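Here is how the chains run, residue by residue.
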Amino acid sequence: MYIEQGYKGKFGLWKFFIIPTAFLAFMTLNYVATLLSPVNVEDAMAQMIDQWGSPTVLVLLLAPLIAGLFVVLGWTILVHQQSITSLTTSRKKIDWKRVLFVFSLWSAITIAFTLIDVYGSPDDYVLNFDVSKFLILAVIAILLIPLQTSFEEYLFRGHMMQGIGLLAKSRWVPLFITSILFGLMHIANPEVEKLGYGIMVYYIGTGFFLGIMTLMDEGLELALGFHAANNLITALLVTADWTAFQTDSIFKDISEPALGWDVLIPVFIVFPILLFILGKKYKWENWKERLFGKVMEENEFLALADENPSEVQA
């Protein structure tokens, strides 16, 4: 009963839409500015890196999203008067073992896929490793990227998932809306400019994958771990002149980017396999109900919580 956790604290539906509306307005303005700019995103990034260096640019890119994390958490505590635990999970406490398990699993898969691709297409990569630069990158990335990814999870799969679900009294409505908005959030990324709008299949598909994990597991833990691993390991392993994170990583992709099967394989093959594995491990049942069922009314949920506190836990 993850969505119903939004009833806890000082409930008010309007409180769920102030931050998402402000953030989406900001992202819309950013996208419009990108379209109207006489300099394309790739050239703009190159100019910034030449002027300030990639570590500084990485910090500048991450800083607004990290600030956003503290805004969302602060809003939850001060305005909703809701605990961070109930924003994170329907369990009695946050299950950090879940976070670490999926983080480790996806890190291993990402590293394996990357090394296989480097070995299979050696002409597409150059070794970019510089010990001193990499150590600086590692410190920045390990400290900041999990905060950036946590903001996106707490905003979309937490704050918005609960708010839209309580308003619609449905589980599939917030799943669809948050997944599509999550994908559209990336529309100003340089990857979109370089590869075209077809790459949005990956971003929106990832949003659905994260949303399904959240609803099936009745908590954000798995999504938090996956998202952190995805962005962190990628930033440390591979960079390119046309990606959002241009870092002093181990390898640099010098191939001519093209939209291909590598966009579809994660969404339609890898993610379903991961959901199957996680479903078996965590004994997920009632898929139809958890993804498409109704959300309880507030009085029903609170009455159930009073009568059987264990029943409102996952």
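Our subject is the structure that appears above.
Reading the values: the criteria
Residues numbered from 1 in each chain as written. Predicted model: local features only at pLDDT ≥ 70, side-chain atom pairs only at ≥ 80, totals over all residues. Heavy atoms only, no water. Helix = DSSP H or I, 4+ residues; strand = E, 2+ residues; numbered from the N terminus. Rg over C-alpha atoms; globule rule 2.2 N^0.38 Å. Buried < 20%, exposed > 50% of the residue type's maximum accessible area, 1.4 Å probe, protein only. Lys, Arg positive; Asp, Glu negative; His and termini not counted. Charge placed at Lys NZ, Arg CZ, Asp CG, Glu CD. Core = buried A, V, L, I, M, F, W, Y, C linked by side-chain atoms within 4.5 Å. Contact = heavy atoms within 4.5 Å. Patch = residues over 30% accessible without salt bridge, like charges linked within 9 Å, V, L, I, M, F, W, Y side chains within 5 Å. Areas by Shrake-Rupley, 256 points an atom, 1.4 Å probe, with all protein chains shown as cover. Salt bridge = Lys/Arg side-chain N within 4 Å of Asp/Glu carboxyl O. Axes fitted to C-alpha atoms, helices over the stretch in contact; angles between N-to-C directions. Parallel < 35°, antiparallel > 145°, perpendicular 65-115°, else oblique. Left-handed = near helix turned anticlockwise from the far one by under 90°. Nonpolar A, V, L, I, M, F, W, Y, C, P; charged D, E, K, R; others polar. Expected span 1.5 Å × (residues − 1). Arc of directions from axis to C-beta. Pairing = 2+ DSSP bridges.

Q: Please give an account of the overall build of the chain that cites residues and values.
A: Counting its regular elements, the chain contains 13 helices and 3 strands. Taken over the C-alpha trace, the chain has a radius of gyration of 20 Å; the compact-globule value for 314 residues is 20 Å, and the two agree within 12%. Projected onto the principal axes, the alpha-carbon positions of the chain cover approximately 65 × 40 × 35 Å. Sorting the 314 residues of the chain into buried and exposed places 50% on the buried side. For the chain, the distance from the average site of its 20 positive side-chain charges to the average site of its 29 negative ones is 12 Å.

Q: Explain the nonpolar core to me, and be specific about the residues and the numbers.
A: Formed by 50 residues in total, the largest nonpolar core has its most connected members in Met213 and Phe226. At 8 residues, helix H6 (residues 131-168) tops the list of elements feeding residues into this core. The residues contacting methionine 213, other than those within four sequence positions of it, are Gly219, Leu222, Ala223, Phe226, Leu275, Leu278 and Trp284.

Q: Describe a nonpolar patch on the surface, with residues and values.
A: The grouping of Val201, Trp261, Leu264, Ile265, Phe268, Ile269, Ile273, Phe276 and Ile277 at the surface amounts to a nonpolar patch, some 910 Å² of accessible area in total. Structurally, the position occupied by isoleucine 277 is in helix H11 (residues 261-281).

Q: Describe the packing of helix H5 (residues 96-120) against H11, and please don't skip the residues or the numbers.
A: Between H5 and H11, the shortest axis-to-axis distance is 13 Å and the interhelical angle comes to 150 degrees. Judged by the angle between their axes, H5 and H11 are roughly antiparallel. As for the relative orientation of H5 and H11, their crossing is right-handed in sense. Of the residues in H11, those in contact with Phe101, Val102, Leu105, Trp106, Ile109 and Phe113 of H5 are Val270, Phe271, Leu274, Leu278 and Lys281. Across the contact of H5 with H11, the residue classes break down as 10 nonpolar, no polar and 1 charged.

Q: Hey, could you go over the pattern of salt bridges for me, with residue numbers and the actual values?
A: Overall, the coordinates contain 8 salt bridges when judged by the stated rule. Note that aspartate 217 and arginine 98 form a salt bridge whose closest N and O atoms lie 2.8 Å from each other. Highlighted residues: aspartate 217 in helix H9 (residues 200-217) and arginine 98 in helix H5, separated in sequence by 119 residues. Taken as a pair, aspartate 217 and arginine 98 share a single burial class, namely buried. Measuring nitrogen to oxygen at the nearest pair gives 3.1 Å for the salt bridge that ties lysine 252 to aspartate 241. Of this pair, lysine 252 sits in strand E3 (residues 251-253) while aspartate 241 sits in the loop between strand E2 (238-239) and E3, placing them 11 residues apart in sequence. For lysine 252, a relative accessible area of 24% gives the class partly exposed. A single salt-bridge network, built from bridges that share partners, covers Arg91, Asp95, Arg98, Asp217 and Glu221.

Q: How would you summarise the environment of glutamine 81 if you had to cite specific residues and measurements?
A: With respect to the helices and strands, glutamine 81 occurs in the loop between helix H3 (54-80) and helix H4 (84-88). Between the C-alpha atoms of glutamine 81 and lysine 8, which are 73 residues apart in sequence, the distance is 8.1 Å. In this structure, glutamine 81 is in contact with Gly9, Lys10 and Thr76, ignoring residues within four places of it in sequence.

Q: Give me helix H1 (residues 18-36): which residues, what numbers.
A: Here H1 spans 27 Å end to end across 19 residues, near enough to the 27 Å set by a 1.5 Å rise per residue. Looking only at H1, the buried set comprises Ile19, Pro20, Phe23, Met27 and Tyr31. Buried residues of H1, seen end-on, are gathered within an arc of 100 degrees and therefore sit on one face of the element. Along H1, exposed side chains directed more than 90 degrees from the buried face belong to Thr21, Phe26, Leu29 and Leu36. In this fold, the buried residues of H1 make contact with H3 and H6.

Q: I'd like a rundown of the sheet that holds E2, residues and numbers included.
A: Read from one edge of the open sheet, 3 strands run E1-E3-E2, paired in mixed fashion. Whereas interior strands pair on both sides, the edge strands pair on one side only; in this sheet they are strand E1 (125-127) and E2. Strand direction decides the pairing type here: E2 and E3, joined by 2 bridges, are parallel. The residue bridging valine 238 from the neighbouring strand is phenylalanine 251, located in E3.

Q: An account of the environment of leucine 78 is needed here, citing residue identities and associated values.
A: Relative to the assigned elements, leucine 78 resides in helix H3. Along the sequence, leucine 78 and glycine 9 sit 69 residues apart, while their C-alpha atoms lie 9.9 Å from each other.

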